[in-house]
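Listed here are the chains, written in short residue letters.
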Amino acid sequence: MTLSVLSVASEAYPLAKTGGLADVVGALPGALAAHGVAVTTLIPGYPAVGQAIGRARVVRRWTDLLGTPARLLKGEIAGHPLLVLDAPALFARGGGLYGDASGDYPDNWRRFAALGRAAADIAGDYDILHAHDWQAAMAAAYLRYAPARTTRTIVTIHNIAFQGAFPAEIFPELDLPPEAFALDGVEYYGGVGFLKAGLEAADAITTVSPTYATEIHRAQFGMGLEGLIAARSASVHGIVNGIDSAVWNPEADAALAQPFTARTLAKRRVNARAVAREYGLGEGGPLFTVVSRLTGQKGMDVLAGLTDALVQMGGRLALLGSGEPALEAAFLAAAARHPGRIGVRIGYDEALSHRLQGGADAILIPSRFEPCGLTQLYGLAYGCVPVVARTGGLADTVIDANEAALAAGVATGIVHDGVDPDTLLRALARTIALHAQPTVWSTLQRNGMRADFSWARSGLRYARLYRNLTETA
Ligand code: ADP
Ligand code: GLC
């Protein structure tokens, strides 16, 4: 029997993306179709989404959805059903998805409570409601307080650091029964916690790697929610993300100057030269890349402090990212100090991210924590050897090139313990030494390219979880 799932999120590739959440939400329908699960995706009607779906059919209207009129439009995303919450007062804005130059939108609580409310209102048409991150988590909370419900709920944590915590004053506006403002409801440290509310209400909780599922039981990673996670431990599952191979495949990637496979690795040189040209870099020495949000989570402050050392050791760096102004400035200054060795692009550029994965030798991901991480998976698939901190999904997906792993022929990257400057410096030095051994290096590349990070296995795990939930309903 086909199961029907309503997948609710604030992003979905290719319509709206700021990070890995979008890639995962965009890939799930395809990953699950193979397992007899029909996924309908619900996202907000940001301007770009409205333009992309064009003249869509209206399938539902609200005269007052948490204070604003709204419509539900039906469209398609990569051949799968898409629902768009069209509420211009909330989503038709010129800035980013969550804020603009002056910071986060002050009414984000209303924007994403409305998304959750709309999802709960239509959830009865589906077997499972699957909500992603705090922006969608209220869907599970609304459903919990709905009069009659048969739909089972899952909340997936893509990053527990983002919780959607708001002051208690918003509670009366949420249109929830008074008893919802409780310790086991939406109340969170005296205010309202959207992610917390969803995690309390959900029938199952998933996060995006087994290691992160373990880590968030501890205060260091749980960010205040570790108690709740521990209390609900039996319902917490770690399912690692996959790669959407329709989007990330070096053999058929239109963004690359030269497509290639594990058997034709030498062709990558064309891409490497193209990246060097694009970034104004000279030839010679391993070419490192970074494709990342420039934030403390990603360890970018530590890397910014090591750029001189990286160049001294003979490395080059081509960076693409945006984020904290001080980090952007630090990397731009490094590029100014080292013309021809360090190139920096501040911004967001999907095609360039493909070219970097297809041309650079190694991708640096020194995250302090990383729920899953996708850029190391893209690196593996593209022969761009990942250099990663041993945390979360990075620890689960990259096999360190230590002697034993090299001898066994299974190594795929460089893994370092912690992200202090000394540790990262040693990892850079080790990477450069490995790169100087062409046979070892190309073995690392090939091992990574042959590793299977498609959605096949993880799609099956989600499908099983959905079935278990409906069977125990
Ligand atoms: P996170 O979601 O925490 O930012 P992930 O590694 O899961 O980290 O996903 C990041 C996604 O965003 C990847 O698809 C990556 O290629 C992409 N990305 C990050 N920064 C940029 C950028 N500046 N330009 C283009 N793509 C980017
Ligand atoms: C979050 C996490 C990242 C993960 C992504 C998709 O953005 O920071 O590690 O890969 O979600 O699940």
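This text goes with the structure placed above it.
These lines cover the structure that appears in this document, whether it is placed above or below. None of the values given here were measured: they were computed from a predicted structure.

**Some points on the side chain of Thr153**
With respect to the helices and strands, the residue Thr153 is situated in strand 9 (residues 152-157). Taking the relative accessible area as the measure of exposure, Thr153 reaches 1% and is therefore buried. Excluding its chain neighbours within four sequence positions, the residues that come into contact with Thr153 are Leu129, Ala140, Leu143, Ala201, Ala202, Asp203, Ala204 and Leu469.

**Topic: the pattern of salt bridges**
Considering all chains together, one arrives at 16 salt bridges under this definition. With a shortest N-O distance of 3.3 Å, Glu173 and Arg110 are connected by a salt bridge. With Glu173 in the loop between strand 10 (165-166) and strand 11 (187-188) and Arg110 in helix 4 (residues 108-122), the pair connects residues that are 63 residues apart, well separated along the chain. The exposure class of Glu173 is partly exposed, given its relative accessible area of 41%. Note on Arg110: relative accessible area 21%, which makes it partly exposed. Residue Arg117 is joined to Asp121 by a salt bridge in which the shortest nitrogen-to-oxygen separation is 3.3 Å. Placement of the pair is Arg117 and Asp121 together in helix 4, with a separation of four residues, close to one helical turn.

**Thoughts on the sheet that holds strand 10**
Strands sit in the order 10-12-11 across an open sheet of three strands; the sheet is antiparallel. The sheet is open, and its two borders are formed by strand 10 and strand 11, each paired with just one other strand. Pairing between strand 10 and strand 12 (residues 191-193): two bridges, direction antiparallel. When the bridges of strand 12 are listed, Phe166 appears paired with Val192. The sheet contacts of helix 6 (residues 194-201) involve strand 10, strand 11 and strand 12, and relative to strand 12 the element is tilted by about 60 degrees.

**A word on the site of ligand 2**
Around ligand 2 there are 14 residues in total, and His158, Asn241, Glu370, Cys372 and Gly373 lie nearest to it. Contact between ligand 2 and Asn241: an oxygen atom at 2.8 Å from a side-chain N or O atom of the residue. The contact in question runs from an oxygen atom of ligand 2 to an N or O atom on the backbone of Cys372, over 3.0 Å. Bound to the protein, ligand 2 loses 92% of the 310 Å² it would expose on its own. Broken down by element, the shell around ligand 2 gets its largest block of residues, three residues, from helix 1 (residues 20-33). Considered class by class, the residues forming the shell around ligand 2 number six nonpolar, six polar and two charged. When residues of the shell around ligand 2 are assigned to domains, at least three fall in each of domain 1 (3-242 + 455-471) and domain 2 (262-450).

**Notes on the sheet that holds strand 2 (residues 37-44)**
Taking strand neighbours across the sheet as the criterion, the nine strands line up as 3-4-5-2-1-8-9-13-14 in an open arrangement whose pairing is mixed. Edge strands, defined here as strands with exactly one partner in the open sheet, are strand 3 (57-65) and strand 14 (236-238). Across the sheet, the mean angle separating the axes of adjacent strands is 25 degrees when strand polarity is ignored. Judged from the six bridges that link them, strand 1 (residues 3-8) and strand 2 form a sheet pairing that is parallel. When the sheet's bridge partners are listed, Val8 is paired in strand 2 with Leu42.

**Some thoughts on the side chain of Asn447**
Within the secondary structure, Asn447 is located in helix 19 (residues 438-450). Since its relative accessible area comes to 19%, Asn447 is described here as buried. Other than its neighbours up to four places away in sequence, Asn447 contacts Gly409, Val410, Ala411 and Thr412.

**Digging into the site of ligand 1**
In the vicinity of ligand 1 lie 20 residues, with Lys17, Gly20, Asp23, Arg293 and Gly347 positioned nearest. Between Asp349 and ligand 1, the recorded distance is 3.0 Å, taken from a backbone N or O atom to a nitrogen atom. Protein burial of ligand 1: of its 560 Å² of free accessible surface, 93% is covered by the chains. Within the residue set of the shell around ligand 1, elements represented by two or more residues are helix 1, strand 15 (287-294), strand 16 (316-323), helix 14 (350-359) and helix 15 (375-382). The greatest single-element share of the shell around ligand 1, amounting to three residues, is contributed by strand 15. Looking at the shell around ligand 1, its residues break down into five nonpolar, eight polar and seven charged. The two domains that each donate at least three residues to the shell around ligand 1 are domain 1 (3-242 + 455-471) and domain 2 (262-450).

So, how was this worked out
Residues numbered from 1 in each chain as written. Chains lettered and ligands numbered in written order. Predicted model: local features only at pLDDT ≥ 70, side-chain atom pairs only at ≥ 80, totals over all residues. Heavy atoms only, no water. Helix = DSSP H or I, 4+ residues; strand = E, 2+ residues; numbered from the N terminus. Buried < 20%, exposed > 50% of the residue type's maximum accessible area, 1.4 Å probe, protein only. Contact = heavy atoms within 4.5 Å. Salt bridge = Lys/Arg side-chain N within 4 Å of Asp/Glu carboxyl O. Pairing = 2+ DSSP bridges. Axes fitted to C-alpha atoms, helices over the stretch in contact; angles between N-to-C directions. Near = heavy atom within 4 Å. Polar contact = N/O pair within 3.5 Å; in protein donor to acceptor, adjacent residues only side chain to side chain. Areas by Shrake-Rupley, 256 points an atom, 1.4 Å probe, with all protein chains shown as cover. Nonpolar A, V, L, I, M, F, W, Y, C, P; charged D, E, K, R; others polar. Domains from an automatic or database assignment.

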